[in-house]
Amino acid sequence: MSDPLSRRYVAPVTTEQPPTDAVRVSGKPSNLWRDAWYDLRRRPLFWISLGFVALLLLMAVWPTLFTQVPPDNQCLLENSNKGPTGDHILGFTFQGCDVFSRIVHGASTSLSVGLLSTIIGSGIGWIMGTIAGYYGGWVDSLLSRIGDMFFSIPYILAAVVVMTVFEKYRNVFTLSLAIGGFAWAATARVVRAEVMRVRQAEFITASKAVGRSKFSTLMAHVVPNAIAPLIVLGTLALAGGIVAESTLAFLGVGLGTETMSWGADISRAQSTLRVAPMSLIYPSIALTTAVLSFVVLGELLRDAMDPKARATR
Amino acid sequence: MFSYIVRRILQLIPVFLGSTLLIYALVFAMPGDPIAALFGDKQPSQQLLDAIRAQYHLDQPFIVQYYYYMSGLVRGDMGTTFSGQSVNDVLARTLPVTGRLAVLSIGIEFLLSIIVGTFSALRKGKVSDNVALIIALVFLSMPIFVMCFLAQYFLAIQLGWFRPTVGGQNGWGDMWLPAIVLGLSLYATSMRLMRGSVIETMNQDWVRTAYSKGLPQYRVLPVHVIRNSLIPVITNSATNFGVLLVGATVTEFIFNIPGVGNTLFRAILQHEGPTIVSFVTIFVVLYVLVNLLVDLLYGLLDPRIRYV
């Protein structure tokens, strides 16, 4: 009768080493940006959307590269709603202006308002979120409540009120201020959460332990490690800014009539939708493509920078 | 639970006061004299001007005026529009119309995003999933007024499936086209949230258990997967409500629906500052209330969330 304990199954001991994953020891150290770049550059959608963004930039900076036809003078009423011809590939608007030229010249309005409103909105949101998340306590409570106030007003509606109030001072800057000044609360929330996450890290404690001041730690270690969501949100905010600009132009509270704007052109073309739909559809395509390329770019950046998003892809 | 509701409402008060103060301060900065505008070309006497100023408290400092407005709001008097109508009356007329549009479009949004989101998640990485994602991104990128016009042109004018405008006849059945457009503008974010949420839920132990004890797909999906994946979609509908409000403003104008948004849009076109403010304030109130409601809904969907 042998001892029952000894009859228990014992796993055979293997002497050979289990295979380890190949670890890259040579070469540059990996970090978030390098990983993101490695992920992004293999995705065709990234290059396609980047190409559209570059095209848009080129249109905004150098419109005469694309068309020699001026967008607002040389409009002949005899050309009203005419179809495309050799020199005017997309036909004419109701006023007899060249549709293609107006689309090309409208790019700079969309892009400049989008960029400026993003800089303003992301800037305010970043500063508010960083301070609230890093310092905490009553500062956090105060800034978060202020953020809640702005968050509870849909920013396009707020911009409508602002632009109604500043009717006399409608330019790219006030328009961007109206959009960015009310759109920052969402950015602030995300940045605050990210800063609070980074603040827990050990290297922050270490930085304080070696005698760095609180502010210096913030600048040297917290900010660079909490910047990724800001870039993603900024790209998406650019798309939002373009949408907001066109919506406000459509509502008639955008920039003045002398400024080229896709939203205003679409709004003007609506009266002849039944007889000449193309003068409405072409600027709509331009607008949607511009927004879509920034949205796709933002989504890809989010995927590349957030390992958790990569897992559910 | 009760104390949680009370605390949430108490937290809302400073936010609400702040946001209305913000809008009110903007109007206060508005150039031009509203009383002089009432008389048009006529030149009223100084006494009359002073009397009307006193009547509307326009001779008081800013914060006192704000107090009068807020105390009126609390008592249920939301002020008067530029043309002298009571905002309460206008709301009583227009809110039911907008309510029908909102319910229809949120219904379409939910139904579509739950169905497409679930199927996308089940076919993760396949062609149909990618196509669904791209379509959603296009809807996300298309400004609402563009979508309205395209729907109007292709579905109503070219194909004749719907009437191009709604007008006075605005029962439930008359608002399909604007509701579809509005629903699609909300659809993209919730569909993608649903997709991510279902992917996460499918990896849970209880789903594996449900399959391994032999439950069929049609039982596992609705009961074990979809129900547990709904929370992000519901949460998102609170944020989406802001999109809905802006969308309703544009949609109601383009399809000529006599709702709240349409009134706001016409006020914007005619530069009626005070009317714009009262309606934007109402939108803010609605937005804040919907956010509260969604917060409270959490507990019903997920018993693990307790209010302390």
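Residues numbered from 1 in each chain as written. Chains lettered and ligands numbered in written order. Predicted model: local features only at pLDDT ≥ 70, side-chain atom pairs only at ≥ 80, totals over all residues.

On to the overall build of chain B. In terms of helices and strands, chain B carries 12 helices and 0 strands. Along its sequence from the N terminus, chain B presents helices and strands in the succession α-α-α-α-α-α-α-α-α-α-α-α. Put simply, chain B has 308 residues, and 34% of those count as buried. In chain B, the share of contacts with a sequence separation of at least 24, taken over all contacts with a separation of at least 6, comes to 73%. (Helix = DSSP H or I, 4+ residues; strand = E, 2+ residues; numbered from the N terminus. Buried ≥ 20, exposed ≤ 12 C-beta atoms within 10 Å, placed from the backbone. Contact = placed C-beta atoms within 7 Å.)

Helix and strand counts for chain A come out as 12 helices and 0 strands. Starting at the N terminus and walking to the C terminus, you meet the elements of chain A as α-α-α-α-α-α-α-α-α-α-α-α. Counting every position in chain A, which comprises 313 residues, the buried fraction comes to 44%. For chain A, the proportion of contacts with a sequence separation of at least 24, taken over those separated by at least 6, is 70%.

Turning our attention to the interface of chain A and chain B. On the side of chain B, 42 residues touch chain A, which itself brings 36 residues to the contact. Counting only elements with at least two residues in the side of chain A that touches chain B, the list comes to α4 (137–151), α5 (155–165), α9 (228–251) and α11 (278–305) of chain A. With 8 residues, the top contributor of residues to the side of chain A that touches chain B is α11 of chain A. Looking at the side of chain A that touches chain B residue by residue, the class counts come to 23 nonpolar, 9 polar and 4 charged. (Nonpolar A, V, L, I, M, F, W, Y, C, P; charged D, E, K, R; others polar.)

Quick look at the nonpolar core now. Ranked by size, the top nonpolar core spans 139 residues in total, and within it Leu157, Ala159, Val160 and Val161 of chain A together with Cys148 of chain B carry the most contacts. In terms of residue count, α11 of chain A provides more of this core than any other element does, 15 residues in total. Look past the residues within four positions of Cys148 of chain B in its chain and what remains in contact with it is Val181, Val250, Thr251, Ile254 and Phe255 of chain B. (Core = buried A, V, L, I, M, F, W, Y, C linked by C-beta atoms within 7 Å.)

All names here are of chain B. Taken as a whole, chain B shows an average pLDDT of 80; of its residues, 89% reach a score of 70 or greater. The spread of mean pLDDT over the elements of chain B runs between helix α2 (residues 34–39), the lowest at 65, and helix α9 (residues 205–212), the highest at 89. Interface confidence for the predicted complex, expressed as ipTM, amounts to 0.80; the pTM equals 0.82. (pLDDT = per-residue confidence, 0-100.)

With 15 residues, helix α6 (residues 127–141) of chain B should reach 21 Å at 1.5 Å per residue; the first-to-last C-alpha distance of 21 Å fits that figure. Looking at the buried positions of α6 of chain B, the neighbouring elements they touch are α9 and α11 of chain A together with α8 (176–202) of chain B. (Expected span 1.5 Å × (residues − 1).)

On to the environment of Gly167 of chain B, then. Secondary-structure assignment places Gly167 of chain B in the loop between α7 (144–158) and α8. When the C-alpha positions of Gly167 of chain B and Met202 of chain B are compared, they lie 46 Å apart, and in sequence the two are 35 residues distant.

Our focus in this paragraph is unusual backbone geometry. Phi is positive for Asn256 of chain B, which is not a glycine, with a value near 55°. Along the chain, Asn256 of chain B turns up in the loop between α10 (217–254) and α11 (260–269).

The subject of this paragraph is the environment of Thr247 of chain A. Checked against the element boundaries, Thr247 of chain A lands in helix α9. Spatially, the C-alpha atom of Thr247 of chain A lies 9.3 Å from that of Ser267 of chain A, the residues being 20 residues apart in sequence.

All right, on to helix α3 (residues 99–135) of chain A then. Residues and elements named next belong to chain A. Taking 1.5 Å of rise per residue, 37 residues should cover 54 Å, and α3 covers 53 Å from first to last C-alpha, within 8% of that figure. Of all the bends in α3, the largest measures some 30° and sits at Gly106. A large share of α3 lies buried, amounting to 29 of its 37 residues. Directly beyond the C-terminal end of α3, a positive phi value near 60° is found at Gly136. (Bend = angle between axes of the 7 residues up to and from the residue.)

A separate point is the environment of Ser197 of chain B. Residue and element names in this part refer to chain B. Along the chain, the position of Ser197 falls in helix α8. For Ser197, a count of 22 C-beta atoms within 10 Å puts it in the buried group. Placed 49 residues apart in sequence, Ser197 and Val246 show a C-alpha to C-alpha distance of 27 Å. Here Ser197 is in contact with Ser229 and Pro232, once residues within four sequence places are set aside.

Let us now look at the packing of α7 of chain B against α10 of chain B. Residue and element names in this part refer to chain B. At a minimum axis distance of 9 Å, the contact between α7 and α10 shows a crossing angle of 30°. The angle between α7 and α10 places the two elements in the roughly parallel class. Where α7 crosses over α10, the two elements pack in a sense that is right-handed. Where α7 approaches α10, its residues Ile144, Phe145, Cys148, Phe149 and Gln152 are matched on the opposing element by Gly247, Val250, Thr251 and Ile254. (Axes fitted to C-alpha atoms, helices over the stretch in contact; angles between N-to-C directions. Parallel < 35°, antiparallel > 145°, perpendicular 65-115°, else oblique. Left-handed = near helix turned anticlockwise from the far one by under 90°.)

Let us now look at the packing of α9 of chain A against helix α10 (residues 262–269) of chain A. The relative placement of two packed helices comes down to the angle between their axes together with the axis-to-axis distance. Residues and elements named next belong to chain A. It is the contact of α9 with α10, at a shortest axis distance of 7 Å, that shows an interaxial angle of 40°. For the pair α9 and α10, the crossing hand works out as right-handed. Contact residues: α9 offers Glu245, Ser246, Thr247, Ala249 and Phe250, while α10 offers Trp262, Gly263, Ala264, Ile266 and Ser267.

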